[in-house]
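This is what each chain is made of:
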Amino acid sequence: MQRLIPSWKKYFQGDTKWAVNLDIPHSANTTIAKPVVRIKTQLDNIEIDMPKPFNKKAGEKINLEVNVELSKSTRTFEIQYGKSINSNLEFTVNNEKLSLSKGTVTINSIEKNKLPTSGISVMAKNIKHFSYDDWLSVFENTPELNANDTNNKANPLTWFSRFKTSFGELRAFDQTYHSVTFDAVKIGDNWESVVSSDELSGKIILPVDLTSAPISMKLDTLMLFPKDEKKIESYQAEKPDPRNWPAMIINSKRFVLDDTEYGSLLLSISKLDSGLQMDYLELTTSTNKISGNGSWTTDGLKHTTQVKLKSEINNIGATMASMGFADTINKGEGTFLMDINWPDAPSEVNAGIISGTINLNFKNGQLLDINPGAGRIFGLLSLQSLPRRLLLDFSDIFAEGFSFDEIKGKFDLDGGDAYTSDLHLDGPAGRIQVSGRTGLVDEDYDQLVTVIPDAAASVPVLTVLAGAEPITAIVTWTLKNVFQSQIDEALSFQYTITGSWDNPKVVKVGQPQSPQPEPLEEDDEP
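Residues numbered from 1 in each chain as written. Predicted model: local features only at pLDDT ≥ 70, side-chain atom pairs only at ≥ 80, totals over all residues. Heavy atoms only, no water.

Undergrad: Looking at this structure, I do not really get the overall build of the protein chain. What am I missing?
TA: Assigned secondary structure in the protein chain consists of eight helices and 29 strands. In the protein chain, which comprises 526 residues, the share counted as buried stands at 42%. For the protein chain, long-range pairs separated by at least 24 residues make up 47% of all intrachain contacts whose partners lie at least 6 apart in sequence. (Helix = DSSP H or I, 4+ residues; strand = E, 2+ residues; numbered from the N terminus. Buried < 20%, exposed > 50% of the residue type's maximum accessible area, 1.4 Å probe, protein only. Contact = heavy atoms within 4.5 Å.)

Undergrad: Would you take a moment to explain the packing of aromatic side chains for this structure?
TA: How two aromatic rings sit relative to each other is given by the distance of their centres and the angle of their planes. In this structure the tally under the stated criterion is nine aromatic pairs. Geometrically, the ring pair formed by W245 and W296 is edge-to-face, given 5.4 Å between the ring centres and 75° between the ring planes. Of the two residues, W245 sits in the loop between α2 (229-237) and β15 (248-252) while W296 sits in strand β20 (residues 288-298), which places them 51 residues apart along the sequence. A relative accessible area of 32% places W245 in the partly exposed class. Relative accessible area serves as the criterion here: at 8%, W296 is assigned to the buried category. Members of the aromatic cluster, joined through ring pairs, are F54, Y81, F130, W135 and F167. (Phe/Tyr/Trp six-rings, centres within 6.5 Å; stacked < 30°, edge-to-face > 60°.)

Undergrad: Even after reading the chapter, I still don't get helix α1 (residues 132-140), so can you show me in this structure?
TA: For an α-helix, 3.6 residues make a turn, and residues three or four places apart therefore share a direction. Burial in α1 covers these residues: W135, L136, V138 and F139. Mapping the buried residues of α1 onto a view down its axis gives an arc of 160°, with all of them on the same face. Considering only its buried residues, α1 is in contact with β9 (119-131) and β10 (160-172). (Arc of directions from axis to C-beta.)

Undergrad: Quick question: what am I supposed to make of the pattern of salt bridges here?
TA: Any two side chains of opposite charge can pair, given that their charged atoms come close. In this structure the tally under the stated criterion is eleven salt bridges. A salt bridge links D417 to R437; the shortest N-O distance between them is 3.0 Å. With D417 in strand β25 (residues 417-427) and R437 in strand β26 (residues 430-439), this pair connects stretches of sequence that are 20 residues apart. Owing to a relative accessible area of 15%, D417 belongs among the buried residues under this scheme. R437 sits in the buried class, given a relative accessible area of 17%. (Salt bridge = Lys/Arg side-chain N within 4 Å of Asp/Glu carboxyl O.)

Undergrad: I keep staring at the side chain of T104 and nothing clicks. Help me out?
TA: With respect to the helices, strands and loops of the structure, T104 is situated in strand β8 (residues 97-107). With sequence-adjacent residues up to four places away left out, T104 is seen in contact with N86, S87, N88, L89, N113, K114, L115, P116, I120 and S121.

Undergrad: Can you help me understand the environment of S291 in this one?
TA: Looking at where S291 falls in the secondary structure, it is placed in strand β20. S291 sits in the buried class, given a relative accessible area of 18%. Sequence spacing of S291 and K308 is 17 residues, and the spatial spacing of their C-alpha atoms is 8.4 Å. Non-local contacts of S291, meaning those with residues more than four positions away in its chain, are made with L281, E282, K308, L309 and K310.

Undergrad: Can you help me understand unusual backbone geometry in this one?
TA: Peptide bonds are, in most cases, trans, and in most cases residues other than glycine have a negative phi. The omega angle of the peptide bond from K52 to P53 is 10°, so this bond is cis rather than trans. Topologically, P53 is positioned in the loop between β4 (46-48) and β5 (64-70). Its identity is not glycine, yet S179 carries a phi of approximately 50°, on the positive side. Within the secondary structure layout, S179 lies in strand β11 (residues 175-187).

Undergrad: What am I meant to see in the nonpolar core here?
TA: Where a protein is soluble and globular, its nonpolar side chains tend to be buried together. Judged by nonpolar contacts, the single largest core of 60 residues is most densely connected at I120, I250 and L265. Residues in contact with L265, not counting those within four places in the same chain, are L222, I250, N251, S252, F255, L281, E282 and L283. Residues F402, L425, L440 and V449 belong to the second largest nonpolar core, which totals 32 residues. (Core = buried A, V, L, I, M, F, W, Y, C linked by side-chain atoms within 4.5 Å.)

Undergrad: It is not clear to me how the pairing of β15 should be interpreted in this structure. Could you clarify?
TA: Along any regular strand, the residues point their side chains to alternate faces of the sheet. The alternating pattern of β15 places M248, I250 and S252 on a buried face, while none of I249 and N251, on the opposite face, is buried. Relative to β15, strand β14 (residues 215-224) is paired through five bridges, and the arrangement is parallel. Within β15, the residue paired with L219 across the bridge is S252. Where β15 and strand β18 (residues 264-272) come together, five bridges link them in antiparallel fashion. Each bridged residue has a counterpart across the sheet, and for S252 the counterpart in β18 is L265. (Pairing = 2+ DSSP bridges.)

Undergrad: Is there a simple way to think about the environment of K17 in this case?
TA: Mapped onto the elements of the fold, K17 is located in the loop between β1 (12-14) and β2 (19-23). Residue class for K17 comes out exposed when judged on its relative accessible area of 75%. Among all residues touching K17, those that are not within four sequence positions of it are K40 and T41.

Undergrad: In this structure, what is going on with the side chain of T74? I would like to understand it.
TA: With respect to the helices and strands, the residue T74 is situated in strand β6 (residues 74-81). A residue is classified by how much of its surface remains accessible, and T74, at 18% relative accessible area, is buried. Looking at T74, its side chain comes within polar contact range of the side chain of S71, at 2.7 Å. In this view, T74 contacts E69, E90, F91, T92 and V93; residues no more than four positions away in its chain are not counted. (Polar contact = N/O pair within 3.5 Å; in protein donor to acceptor, adjacent residues only side chain to side chain.)

Just geometry here; none of it tells us what the structure is for.
This is the structure in structure tokens:
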């Protein structure tokens, strides 16, 4: 092993007994018969620290048989490892160095694996667990497997010729896929593959030289899920470098992220000297279209992610429900713009490090009278805290619900908080204005809300001011159209909203507070 693949020596520890036979043909014509070295062992005291399915512990017995056919120009290895893994590998000899030429690897399969003209053909069935990520690390640090590699880092895509495999669980690119079947053939400068799994299915074209062209995916399904906690810790310890990632174009009929359906996906990513650029993103459902662009860059030490998104929604209520926020807004349409960045990799995003702006403009919907905790819609709108309170103060005006003609405003994101000075809701019953802070990390509010009932909706009030018929209509019109600002000021009320998203405290400005006992003076007696 030390001579064949010296860089793999680190994966083997211990010693074991070997039985070695040398078969020397009687004929001097070595084109007919060649010398063969036959090796047998149980590897009982050997520990193999390689990824599955080749790993083993010291003390575990696994039969290994290796037959090496010798010639001046080649070395052919027939390998049987355990009961289910066998391999036939041919190496060429050049200046006493061995270079892998072609071969086969067969695991759990009775299907004949024909020796290709070049490269390695792999057939593997019913492998319970397999990690592409772990094996890629091994291959990248095995320069012996690619004699022509100038970067001292092997590219496995150059020396395999076919994969026909099935896995119970496959780990690749920090994502787990289940019930996987995969058939890929190298044709010219590309790998053409068909993959089927619970999370990903479709066709993938992978260039052998990942720097020459983007990976192209035409998929029926693509599902991405959060990483498990243990994997996140490992991932954070050594972030992937976007400068090493390939360009890609993805077209998927169905895209699911964190169990949320986002409809169809179009994504184009190109390479930058400092990382990756998202040239185009489009997610389309029957109620929502999201488009945008962005980038992920690094100088080798610090990472930066930038994202610009535009969401065009034709049914806000249905879109919210699909994202897990049912019964928050009924109907409605509008746009949601986001221009944000954070000083880390995309996977490390959290509310505390995001900077940027969010603009929203919603029209023709209705806020539903629901649990105040539904303010988690964006963690921005505290308006869900108001319905019950406003029904108490303005039961005649807001009795028909909280319909809106428009909800519009801008939020500045900084240090885990979102600030607004111009958020407002306009509706048949009047206007609601909001300014202040929303804590995205602490999940709390510190906002001032101004409620201005519409003058037309306040006809009973105006009638009292105007007196009895017949001048009521004239005075009402005059008051509404000539003295609008004064009326708004006279009829407006203000509220402070503080406390947590789940249990916000709504207090009317000027409302008497519960009296607090005066502190006792030192000379006072109780």
